[in-house]
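Residues per chain are reported as follows:
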Amino acid sequence: MQSCCSFLLLLCIAQLLSPSTALPFEQKGFWDFALDSLDSIDMMAMMKDEEEGSAIGEVPRPDMPVCPFGCQCRLKVVQCSDLGLSEVPSKIPPDTRFLDLQNNHITELREDDFKGLTNLYGLSLRNNYISRVHPRAFVPLKSMQKLYFSKNLLTTIPKNLPASLVEIRIHENLIRKVPAGAFSGLVNMNCIEMGANPIQNSGFEPGAFKGLKLNYLRISDSRLTGVPKDLPESLHELHLDHNEIQAVELEDLKRYKNLFRLGLSFNHIRNIESGSLAYVSRLRELHLDNNRLSNVPKGLPDMKYLQVVYLHSNNIDKVKMDDFCPKALGTKRAFYNGISLFGNPVNYWEVQPATFRCTSNRNAVQFGNYKK
């Protein structure tokens, strides 16, 4: 009996001294719940740790990347949102592809905050208190394509943005001026969202957008009183909704011949000068709702590709038979699939059925009841 006990004791000691085969601990992220296949593997590893003891596992080398305290790191994504951070955390893994720092209390970006993050693809700084950005803060980010900088306290466009940048969201800041060359060197830039800044037409210096080949630009919820001049000619979408634009003049749209979608909703537009829409002949969607128009804009029948027109919530009291469709049926290449006219003081029973002869079906037109 004594010899048997001695043998078991020696066996236990040998097992304790043998190296552990347990997997090293990995910090889990909130997205793990969607990765069922990985969850099962991680669960097996955790059970194995409990059975064999994880205290004898391999100790990480000092030079190995460590997830910043409180953050969650997985699949090259570092999530540090909603942590009350007052600065960018240090020791971010150099292979990080997306860094999420939104909803914190960061007030400035320093020169070395992103040092070594040459592989970073996307950076979210949304909803912080950033008012200062070091001129060299973004220099290390040679591969960054997406920058989300909305809801901060910036008063100007940050300098030395990476040449690789494709998209920047910088709305809801305190920007009043965009100087000439603010986006110089950004030949890959495709999308800029800069609405909800207290910027006026005079805030855009000549050459502010020089060199850009944008497809998408939104300057909504600002203090514009007219369509800005000198925007990129390459634009496919231009959104200027929720401003103080009074009218669309003849030359306002002359340089934007590639526009597919134009948003002018929620302005104070009373007049669209005859001939101004002829410059945007490729337009597919025109948003003019919630303005002060008293007539259907002239030139719509000549727009061969126009499919959607929002004119609801204006002061339109009459709709003529040729306001939307050309007299010759074969001249329009695309039928309307959406015309909104509700919220106008027009008697829909007085409108001739032939007025909408170039719509896809009768449900494409929305009248509704007018309430004073």
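Residues numbered from 1 in each chain as written. Predicted model: local features only at pLDDT ≥ 70, side-chain atom pairs only at ≥ 80, totals over all residues. Heavy atoms only, no water.

Colleague: Explain the overall build of the chain to me, using residue names and the numbers behind them.
Modeller: Secondary structure summary: the chain contains two helices and 18 strands in total. Here the chain holds 372 residues, and 42% of them are scored as buried. In the chain, once contacts between residues fewer than 6 apart in sequence are set aside, the share between residues at least 24 apart is 48%. For the chain, the computed accessible surface area is about 20,700 Å², with 54% contributed by carbon and sulfur atoms. (Helix = DSSP H or I, 4+ residues; strand = E, 2+ residues; numbered from the N terminus. Buried < 20%, exposed > 50% of the residue type's maximum accessible area, 1.4 Å probe, protein only. Contact = heavy atoms within 4.5 Å. Areas by Shrake-Rupley, 256 points an atom, 1.4 Å probe, with all protein chains shown as cover.)

Colleague: If you had to explain the packing of aromatic side chains to someone new, which residues and values would you point to?
Modeller: Note on aromatic pairs: each is described by the distance of the centres and the angle between the planes. Applying the stated rule across the entire model yields nine aromatic pairs. Relative to F149, the ring of F138 lies with its centre 6.5 Å away and its plane at 85 degrees, an arrangement referred to as edge-to-face. Of the two residues, F138 is situated in the loop between β6 (132-133) and β7 (146-148) and F149 in the loop between β7 and β8 (167-169); the sequence distance between them amounts to eleven residues. Both residues of the pair, F138 and F149, belong to the buried class. Relative to F367, the ring of Y348 has its centre 6.0 Å away and its plane inclined at 40 degrees; by these criteria the two rings are tilted. One end of the pair, Y348, is in the loop between β17 (338-340) and β18 (365-366); the other, F367, is in the segment after β18, and 19 residues separate them in sequence. The rings of F324, Y336, Y348, W349, F356 and F367 are connected pair by pair, giving a single aromatic cluster. Geometry around F260 places R284 over its ring, the cationic atom sitting 4.7 Å from the centre. In this structure, K332 is placed above the aromatic ring of Y336, and the distance from its NZ or CZ to the ring centre is 4.3 Å. (Phe/Tyr/Trp six-rings, centres within 6.5 Å; stacked < 30°, edge-to-face > 60°. Lys NZ or Arg CZ within 6 Å of the ring centre and 35° of its normal.)

Colleague: Explain the environment of D317 residue by residue, including any values.
Modeller: Here D317 shows up in the loop between β16 (308-310) and β17. On the accessibility criterion, D317 (48% relative accessible area) is partly exposed. Counting along the chain gives 22 residues from D317 to N295, while the straight-line C-alpha distance between them is 7.2 Å. With residues near it in sequence (within four places) discarded, D317 still touches S294, P345 and V346.

Colleague: I'd like a description of the pattern of salt bridges, backed by residues and values.
Modeller: According to the stated counting rule, one finds 16 salt bridges in the structure shown. Linking D252 and K229 is a salt bridge whose minimum nitrogen-to-oxygen distance equals 2.7 Å. Separated by 23 residues along the polypeptide, D252 in the loop between β12 (247-248) and β13 (261-263) and K229 in the loop between β10 (216-218) and β11 (237-239) bring together distant segments of the chain. By relative accessible area, which is 6% here, D252 ends up buried. Here K229 falls in the exposed class, since its relative accessible area comes to 54%. Linked through salt bridges whose partners overlap, the residues forming this network are E87, R110 and D113. (Salt bridge = Lys/Arg side-chain N within 4 Å of Asp/Glu carboxyl O.)

Colleague: Residues and numbers for the state of the cysteines, please.
Modeller: Each disulfide consists of one covalent bond between the sulfur atoms belonging to two cysteines. With the rule as written, the count across this model stands at three disulfides. Each sulfur in the disulfide pair C71 and C80 lies 2.1 Å from the other. Disulfide C71-C80: torsion about the S-S bond near 115 degrees, hence right-handed. Paired by a disulfide, C325 and C358 hold their sulfur atoms 1.9 Å apart. Between C325 and C358 the sulfur-sulfur dihedral comes to about -85 degrees; the bridge is accordingly left-handed. With C325 in the loop between β16 and β17 and C358 in the loop between β17 and β18, the pair connects residues that are 33 residues apart, well separated along the chain. Each member of the pair, C325 together with C358, is buried. (Disulfide = S-S within 2.5 Å.)

Colleague: Can you break down the side chain of S222 residue by residue, with the values?
Modeller: Mapping S222 onto the fold places it in the loop between β10 and β11. Contacts of S222, omitting those with residues within four sequence positions, involve M194, G195, A196, N197, I199, H242 and N243.

Colleague: Can you tell me about the nonpolar core, naming the residues and giving the values?
Modeller: Counting residues in hydrophobic clusters, the biggest one holds 86 residues, and the most contacted among them are L123 and F324. In this structure, F324 is in contact with V296, L300, P301, L311, V319, Y336, I339, L341, T355, F356 and C358, ignoring residues within four places of it in sequence. (Core = buried A, V, L, I, M, F, W, Y, C linked by side-chain atoms within 4.5 Å.)

Colleague: Describe the side chain of T96, listing the residues and the values that go with them.
Modeller: Note that T96 resides in the loop between β2 (77-79) and β3 (98-100). Under the relative-accessibility criterion, T96 is labelled buried at 1%. Within the structure, T96 has its side chain in polar contact with the backbone oxygen of P93 (distance 2.6 Å). Beyond its immediate stretch of four places on either side in the chain, T96 contacts K76, V78, N119 and L120. (Polar contact = N/O pair within 3.5 Å; in protein donor to acceptor, adjacent residues only side chain to side chain.)

Colleague: Give a detailed account of a nonpolar patch on the surface, specifying residues and quantitative values.
Modeller: Judged by side-chain polarity, Y129, L153 and L174 come together as a nonpolar surface patch covering roughly 270 Å² of accessible area. Within the element layout of this structure, L174 appears in the loop between β8 and β9 (191-193). The class of L174 is partly exposed, set by a relative accessible area of 42%. (Patch = residues over 30% accessible without salt bridge, like charges linked within 9 Å, V, L, I, M, F, W, Y side chains within 5 Å.)

Colleague: I'd like a description of the confidence of the model for the chain, backed by residues and values.
Modeller: Taken residue by residue, the chain gives an average pLDDT of 85. The fraction at 70 or more is 81%. Confidence drops under a pLDDT of 50 for residues 4-60, and excluding neighbours within four residues, the segment shows 33 contacts in the predicted structure. (pLDDT = per-residue confidence, 0-100.)

Colleague: Help me get a handle on the environment of A354, residues and values and all.
Modeller: With respect to the helices and strands, A354 occurs in the loop between β17 and β18. Distance from A354 to K320, taken between C-alpha atoms, is 9.8 Å for residues 34 residues apart in sequence.

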